[in-house]
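Residue strings, one per chain:
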Amino acid sequence: MSKPVTGPFEKTPGWLDWYTGPSTPRFKLPTGAVDAHCHVFGPGGEYPYAPERKYTPCDASRAQLYALRDHLGFSRSVVVQATCHGADNRAMIDALLHSDGKARGVATIRRGVSDAALATMHAAGVRGVRFNFVRRLVDFTPKDELNEIAARIARLGWHVVIYFEAVDLPELRDFFTALPTTIVVDHMGRPDVSKPIDGPEFELFLRFMREHANVWCKVSCPERLSVSGPPALHGEQNAYRDVVPFARRIVETFPDRVLWGTDWPHPNLTGHMPDDGLLVDVIPHIAVTPDLQQKLLVDNPMRLYWPEEC
Ligand SMILES: O=C(O)c1cc(C(=O)O)oc(=O)c1
């Protein structure tokens, strides 16, 4: 892979660039595997970062994303609009249009979006919108605006991706459960993995999924959630083992509603930047049988993003 570069923008101080030269995973992905959560950043010279952004990343182009996809052994990608681009979806859509149909997208949209713009996005491969409740990433959008957006995209058959911190679930739960679409939770609802797996906080999340069959979950981002590591670096084959039981519990309880993604290029990590090859090697620890791996990596994302092929 080519090296990270920065265009006309100055990166947030302390920014960690994505890992160059990732190892080849030891885990062999099943045929047709989908990386169901990844991003493109810019390049900033071509697709400027949004004025309202909370961070400025290094560039991460579609060519670099697809080179990683091929290196790791994925067949397809779901490109999720990154908050540093606000509601300007051009970089993400450009990535979809240059994917030979092998990428779908999740957009960020505002109330004023036209029906024509939504139709163009749909034609490009957008199949969802992202509602973000993580305070360090976005200023909140009022709930009435989100409800209006949800009603409009429901008509297109899209779903809503939600990103929130575990401590905020009690307050947001009623809003989420009233949404009219499939709901996909980013990064396991960000559990605090230093708390007990059988404790009330994680149980609330499991109950949220148990009681609402339209709620799906990405069992992604152990590198973000881990407290006691070890990180996916230096050949580590048992990385982020404090996160593994949480992800495994979700996969085994809801095998037909889980997705996995790299989260490349891993925005806002501070401690380390994972070797994406070793990150893939975490998968067999959280989906421990070929059957669970097939659902997590192929059947579920295909049903959600390429239903016409199922
Ligand atoms: O936790 C994060 O910092 C983060 C940020 C973004 C984004 O800026 O879009 O996306 C993610 O999936 C995770």
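Residues numbered from 1 in each chain as written. Predicted model: local features only at pLDDT ≥ 70, side-chain atom pairs only at ≥ 80, totals over all residues. Heavy atoms only, no water.

1. Structural notes on the sheet that holds strand β4 (residues 126-132)
Logical step 1: If you walk across this open sheet you meet the 8 strands as β1-β2-β3-β4-β5-β6-β7-β8, and the pairing is parallel. Edge positions in the open sheet fall to β1 (34-38) and β8 (258-259), since each of these has one partner strand only. (Pairing = 2+ DSSP bridges. Helix = DSSP H or I, 4+ residues; strand = E, 2+ residues; numbered from the N terminus.)

2. Regarding the confidence of the model for the protein
Logical step 1: Here the protein averages 97 in pLDDT, while 100% of its residues score no lower than 70.
Logical step 2: Reported for the predicted complex are a pTM of 0.98 and an ipTM of 0.99. (pLDDT = per-residue confidence, 0-100.)

3. Quick notes on the packing of aromatic side chains
Logical step 1: As enumerated under the stated definition, the model contains 16 aromatic pairs in all.
Logical step 2: The interplanar angle of 55° and the centroid separation of 5.1 Å between the aromatic rings of W18 and W264 together place this pair among those described as tilted. Of this pair, W18 sits in the segment before β1 while W264 sits in the loop between β8 and α9 (276-280), and the two are 246 residues apart along the sequence.
Logical step 3: Exposure remark for W264: the relative accessible area of 0% places this residue in the buried category.
Logical step 4: With a centroid separation of 6.0 Å and an interplanar angle of 70°, the aromatic rings of F133 and F175 are classed as edge-to-face. Residue F133 is found in the loop between β4 and α4 (143-154), and its partner F175 is found in helix α5 (residues 169-177); the two are separated by 42 residues along the sequence. In this pair, the class of F133 matches that of F175, namely buried.
Logical step 5: One residue, R76, lies across the ring of W306, its end atom 4.9 Å from the ring centre.
Logical step 6: Over the ring of F175 we find K143, and its NZ or CZ is 5.8 Å from the ring centre. (Phe/Tyr/Trp six-rings, centres within 6.5 Å; stacked < 30°, edge-to-face > 60°. Buried < 20%, exposed > 50% of the residue type's maximum accessible area, 1.4 Å probe, protein only. Lys NZ or Arg CZ within 6 Å of the ring centre and 35° of its normal.)

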